[in-house]
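Okay, here's what each chain looks like letter by letter:
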Amino acid sequence: LLDSRMSLYAMHTNYDRAPGGVNDTLAGLVGLTDVAPMGLCCAGTVERQSLSSFAAAAAKALGTEVEAVGPPDKEVRTVVTAAGSAFREALPVAKRLNADALLSSELRHDVIRDRGEVALIAAPHYYTEAPAMRRLADRLGEKVPARFIDDPPVIRVIRA
């Protein structure tokens, strides 16, 4: 970066929480309305639908496959979104709000075990955060030279 006379600004958790940041972008992508920031996550509502329908819509919006835990026909209306690997931090919020579903990434066994009645939807980490980075690059590009470098991980699903 120094040799190329380029600047680098690194931010992570602060942009997750920022208005219009990572979690707001994720909530918007999956169609949440009446969105409220909840720290490292957002809560909102979607039109009443099954878990299967919401998971399929989230997969389409994010451009990737997702994993879902919960009965496929479970009714989903209230959703918590937490970009990146924030299942552990967002699950207590989802439970407190009696949310129907929680969308995040990097699903772990202990979260599945402790989920109670909250359905879980997991997308790969990159796909929950990269849209906000693209949006930020577009916003910065209006003032300074900035561009988003799309570098999705190559993940292959292999079935037995």
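The structure we're discussing is the one just above.
Everything numeric in this text was worked out from a predicted model, so none of it was measured.

How each quantity is defined
- Residues numbered from 1 in each chain as written.
- Predicted model: local features only at pLDDT ≥ 70, side-chain atom pairs only at ≥ 80, totals over all residues.
- Heavy atoms only, no water.
- Pairing = 2+ DSSP bridges.
- Helix = DSSP H or I, 4+ residues; strand = E, 2+ residues; numbered from the N terminus.
- Buried < 20%, exposed > 50% of the residue type's maximum accessible area, 1.4 Å probe, protein only.
- Right-handed = clockwise from strand over helix to strand, strands pointing away.
- Polar contact = N/O pair within 3.5 Å; in protein donor to acceptor, adjacent residues only side chain to side chain.
- Contact = heavy atoms within 4.5 Å.

Enquirer: For this particular structure, what's the right way to read the pairing of strand 2 (residues 42-50)?
Expert: A regular strand places its side chains so that they alternate between the two faces of the sheet. One ladder, built from three bridges, connects strand 1 (residues 33-37) with strand 2; its direction is antiparallel. Looking across to strand 2, one finds that Ala 36 is bridged to Ala 43. As consecutive antiparallel partners, strand 1 and strand 2 are separated by four residues, and within that stretch Gly 39 has a phi angle of approximately 85°, a positive value.

Enquirer: Before we go on, may I ask you to explain the pairing of strand 6 (residues 119-122) in this structure?
Expert: Of the two faces of strand 6, both are covered, the one formed by Ala 119 and Ile 121 as well as the one formed by Leu 120 and Ala 122. In the sheet, strand 5 (residues 101-104) pairs with strand 6 via four bridges, with the strands oriented parallel. Its bridge partner being in strand 6, Leu 103 is matched across the sheet by Ile 121. Crossover connection from strand 5 via helix 5 (residues 109-114) to parallel strand 6: handedness right-handed.

Enquirer: Whenever I open this one, the side chain of Lys 74 confuses me. Can you help?
Expert: Tracing the sequence through the fold places Lys 74 in the loop between strand 3 (67-69) and strand 4 (75-81). Within the local environment of Lys 74, its side chain forms a polar contact with the backbone oxygen of Glu 117, the two atoms lying 2.9 Å apart. With near-sequence residues (within four places) excluded, Lys 74 lies in contact with Gln 49, Ser 50, Leu 51, Asp 100, Glu 117 and Ala 119.

Enquirer: Just to check I follow, could you spell out unusual backbone geometry for this structure?
Expert: A negative phi holds for most residues other than glycine; trans holds for most peptide bonds. The phi torsion at Asp 34 lies on the positive side, around 50°, for a residue other than glycine. Notably, Asn 98 is not glycine yet its phi reads approximately 55°, a positive angle.

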